Amino acid sequence: MRILLRLLGVSVALMSFSPRLSPAQESAVALGVPRYDLTVRIDPNAPRMDVSGTMRLRWPSAGEADLQLVLSHHMHDLTAAIVEPQTVAGPVELVVHDTAGGSTTWTVRSHSPIPAGQELLIRFACSGGEHDGVLFHLGPTSSFAGAQSVAWYPTTKDADGRATGSMSFWVPNGYTVVAPGTSRPLDRQGEGPQFTFDLSRPGFLSFAMAKYEIVRNSGPDPVSAYVLNKRPNIQDYVKRSGEVLSLLTKEFGPYPYGSFSIVEVPHDIAERAGFEGASFTGYILVDATDLDADFNLAFYGHEIGHQWWGNLVTLGGERGRDMLDEAMAQFGGLHVVETIEGAAAGASFRRDGYPGANWHQNGAGYLMFAAAGLDHPLDDMPGGVLAHELADAKGFLVLNLLSHTVGADRFRAILHTITQDPRNQQMTWQAFLDDIARRAGRNLDWFYDEWLKRAGAPSWNIRWTQVGMTLSGTITQQAPFYRSSVDVAVTGTGCRHTVHTVVIDGPETHFSWRVHDTVTSVQLDPEYLVPHWTPALRAEATSLAPALHAEITFWSGKLDDAKAESRHALANVATPDSYGARFMLEWILGQIAMRERQWTEARTHLEAALESPSRRPYSQMWVYIDLAMVGKELHDTALLRDVVNGAASTDALSGGRSGKVAAVRALAKDALTPE
Ligand SMILES: [Zn+2]
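What counts as what
Residues numbered from 1 in each chain as written. Predicted model: local features only at pLDDT ≥ 70, side-chain atom pairs only at ≥ 80, totals over all residues. Helix = DSSP H or I, 4+ residues; strand = E, 2+ residues; numbered from the N terminus. Rg over C-alpha atoms; globule rule 2.2 N^0.38 Å. Contact = placed C-beta atoms within 7 Å. Axes fitted to C-alpha atoms, helices over the stretch in contact; angles between N-to-C directions. Parallel < 35°, antiparallel > 145°, perpendicular 65-115°, else oblique. Nonpolar A, V, L, I, M, F, W, Y, C, P; charged D, E, K, R; others polar. Expected span 1.5 Å × (residues − 1). pLDDT = per-residue confidence, 0-100. Buried ≥ 20, exposed ≤ 12 C-beta atoms within 10 Å, placed from the backbone. Pairing = 2+ DSSP bridges. Core = buried A, V, L, I, M, F, W, Y, C linked by C-beta atoms within 7 Å. Domains from an automatic or database assignment. Left-handed = near helix turned anticlockwise from the far one by under 90°.

A. Structural detail: the overall build of the protein. Per the secondary structure count, the protein includes 19 helices and 30 strands. At 26 Å, the protein has a C-alpha radius of gyration in line with the 26 Å of a compact globule built from 675 residues. When the backbone C-alpha atoms are referred to their principal axes, the protein occupies close to 95 × 65 × 50 Å. In the protein, the share of contacts with a sequence separation of at least 24, taken over all contacts with a separation of at least 6, comes to 69%.

Right under this line is the structure:
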């Protein structure tokens, strides 16, 4: 499913791949995670890799499913033989079970009977890497593979790629390998440098390899950047990632993987491999265009958050999909923004989104999903792009509200116990919810019923009057009702500002407070702690729902449908177009044309977006990035110059916070530099 995620545009700021398990969890626990000793020889110029080694696993007991090995179609020529115990040693027969989903599954047949539950050591070898896949590419400038999307070594059906053990990589001179686990000292004795890593906690095996320059930051949790080109901002990336890592360590529990690395992938290769940011065990792959931009706190908070949620703790079962990994990672992003940049930045992230992040990954965006008819209960999301985006729009807000409901300190303490319990390497969503309620000593069924088991958000209206020094009024709530403890900000003449708390429960809640001057405004939930409708947000959501729907159709890979939807919506944009609907629709049409490599048509749509009467400033920076890519394809230096100037002035107008000007400049640089 994750494969679809970046049939997407370059505009998917907070998108990442996080490991996802297939629904064979019970037997995974029963059969265990194999332990590997892996040798990987990579020839990036061929391109090709040879993977060989041993895996230690257990022969199934009576009642368990057959032992099955899985290998991606990107690899081939699999051979396997039992080496231990000697009594059953010898080649095994691999009987093809199925070839669906981009990999082959074989049932392992032994020539002699194997006692049930017998531990086995199997030697294997395979080769491949000639063709690109999702999170999979071999080549001279950059190579990487992640088992969460491509089984590049034989794995068992039940472990689904998770493993412990050691990996040794033989690579040509000049290359460096990044991989999960503790790295052993570099061995230069053999035919080329040999990099070896030991992974003691189960994880997905992966690697990245290129001729990196390495920038390090020392500290309790060392952070490094493995980049293809040094940039002036890279030391800042490393330093600030270190701050994020230590903040999230306080929030989520000890960082499990020793060091953390940011690894650069050239833009065109990242795009072909289907990601903008991909979170692996102990490191993330990042598109070069993102590294050209300023450090984005929400993006790195999210991606580093995946180290705990999606790598250390993984979801067992289908229920709660994208909540335990994606929404928790986004909750981490919100936490670091609020802690480092303050309460107002947190409130603005919750309601309208973080600068430079995706336009709909916030409360207002969630309401657009609802207005577009794309809402689902968080407990039971449909999978694919939609679940991912709903988790990033509403899911994290509900987790944040849960933290407030339980108490932030207590919630943090509970998260620590969850991440430190090895049994939670695979955890069902229900177990997570039960753990929180039990450790909080509270019955949270009402919260789970209202916020997880049904779609939607509360819709409130407030009426108030002031008589003398008494302010009184009523908050009405449309059914279905939510129980919420909500701040009410009362502002008076002279800008006096007081905050009261009311518990809204049911159709009407009355309040009456003493005030000290003439009240000028009364605002419900000014920090947007509770996702809810307001008249202004409803108007915005209604206006942008068609654009959001078309975008999700586009991201789901249905280009023709997305085009038809966008054109239809474009013909029906309301006047005045107060929320930038025309701008969004033209941008989506531009992105579709880019995907179709129709550069002139893409240019027409992107320029029409920029000429729309109302625009959305942070999204507008992404339009400039897209237009810079189109300008490069068209070799149009005049266009590129306009794009660079337009991006700089738009950024200045929106307070210089987009962080994308350098990325636009970097894209345009080669074409604009005289030879
Ligand atoms: Zn994510």
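B. View of the packing of helix α6 (residues 323-341) against helix α7 (residues 343-352). Two elements in contact, α6 and α7, have axes whose closest approach is 6 Å; the angle formed by their N-to-C orientations is 150 degrees. As the angle between them shows, α6 and α7 are arranged roughly antiparallel. Judged by residue contacts, L334, V337, E338 and E341 of α6 engage A343, A345, G346, F349 and R350 from α7. Looking at the contact of α6 with α7 residue by residue, the classes come out as 5 nonpolar, 1 polar and 3 charged.

C. Highlighting the environment of M167. Looking at the element boundaries, M167 is found in strand β13 (residues 162-170). Separated by 130 residues in the primary sequence, M167 and D37 have C-alpha atoms spaced 6.0 Å apart. Non-local contacts of M167, meaning those with residues more than four positions away in its chain, are made with L38, V40, A179, T196, F197 and L205.

D. Quick peek at helix α2 (residues 234-252). When the terminal C-alpha atoms of α2 are compared, their 26 Å separation across 19 residues agrees well with the 27 Å that a helix rising 1.5 Å per residue should span. Contacts made by the buried residues of α2 are with β18 (213-217), β19 (223-227), β20 (260-265), α5 (297-305), α6 and α10 (408-420). Following α2 by one or two positions, G253 adopts a phi angle in the positive range, close to 120 degrees.

E. Broad picture of the confidence of the model for the protein. For the protein, the mean per-residue pLDDT works out to 88, and 94% of the residues sit at or above 70. Across residues 1-31, where pLDDT falls below 50, the model places 103 contacts with residues more than four positions away in sequence or in other chains.

F. Local environment of the environment of Y212. Looking at the element boundaries, Y212 is found in the loop between β17 (206-210) and β18. Taking the C-beta count within 10 Å as the criterion, Y212 has 21 such neighbours and is therefore assigned buried. Note: C-alpha distance between Y212 and S142 (70 residues apart in sequence) is 9.2 Å. If we ignore the near neighbours within four places in the chain, the residues touching Y212 are T176, Y226, V227 and L228.

G. The sheet that holds strand β3 (residues 48-58), seen in detail. In space, the 8 strands of this open sheet follow the order β6-β5-β9-β3-β2-β13-β16-β15, with mixed pairing throughout. Pairing within the sheet leaves two strands with one partner each, and these edge strands are β6 (90-91) and β15 (182-183).

H. Expanded view of unusual backbone geometry. Residue P85 follows E84 across a cis peptide bond; omega there is -5 degrees. Among the structural elements, P85 can be located in the loop between β5 (75-84) and β6. The omega torsion across T575 and P576 is -5 degrees, close enough to zero to call that bond cis. Along the chain, P576 turns up in the loop between α14 (559-570) and α15 (581-595). One non-glycine residue with positive phi stands out, namely R597, at about 60 degrees. Checked against the element boundaries, R597 lands in the loop between α15 and α16 (599-610). In this model, H635 sits at a positive phi of 50 degrees, which is unusual for a non-glycine residue.

I. The pairing of strand β28 (residues 497-504), seen in detail. Alignment of strand β27 (residues 484-492) against β28, held across 8 bridges, turns out to be antiparallel. Counterpart to S485 in the pairing with β28 is V503.

J. A look at the nonpolar core. Grouped together as the largest cluster of nonpolar side chains are 185 residues, with contacts concentrated most on V263, L285, M368, I588, A628 and V664. It is helix α9 (residues 384-406) that provides the largest number of residues to this core, a total of 11 residues. Counting the residues that make up this core, at least three belong to each of domain 1 (2-305) and domain 2 (318-451). The residues contacting M368, other than those within four sequence positions of it, are H360, A541, L544, A545 and L548.

K. Geometry of the sheet that holds β28. Reading across the sheet, the 3 strands line up as β28-β27-β30 and stay open at both edges, with antiparallel pairing between neighbours. The outermost strands of the open sheet, each flanked by one partner alone, are β28 and β30 (519-524). Each adjacent strand pair in this sheet contributes to an overall mean axis angle of 25 degrees, direction not counted.

L. Region of interest: α6. An ideal rise of 1.5 Å per residue puts 27 Å on 19 residues; α6 measures up with 25 Å between its terminal C-alpha atoms. Most of α6 sits out of view: 15 of its 19 residues are buried. G342 lies just past α6 and shows a positive phi near 105 degrees.

M. Quick look at the packing of α15 against α16. Taken N-terminus to C-terminus, the directions of α15 and α16 make an angle of 160 degrees; their axes are 8 Å apart at the nearest point. One element, α15, and the other, α16, form an angle in the roughly antiparallel class. Between α15 and α16 the crossing geometry is left-handed. Contacts from F583, E586, W587, L589, G590, A593 and M594 of α15 reach α16 at E601, A602, H605, L606, A608 and A609. Its residues assigned to classes, the contact of α15 with α16 comprises 9 nonpolar, 2 polar and 2 charged.

N. Representation of the environment of H267 within the structure. For H267, the position within the fold is in helix α3 (residues 267-272). Assessed through the 20 C-beta atoms surrounding it within 10 Å, H267 is described here as buried. Each C-alpha atom, one on H267 and one on V286, is 8.8 Å from the other, the two residues being 19 residues apart in sequence. Sequence-distant contacts of H267, defined by excluding residues within four places in its chain, comprise D287, A288 and T289.

O. Quick look at the pairing of strand β16 (residues 194-204). Here 8 bridges tie β13 to β16, and the two strands are oriented antiparallel to one another. For S168, the partnering residue across the bridge sits in β16 and is T196. Where β15 and β16 come together, 2 bridges link them in antiparallel fashion. Note that in β16 the partner of T182 across the bridge is D198.

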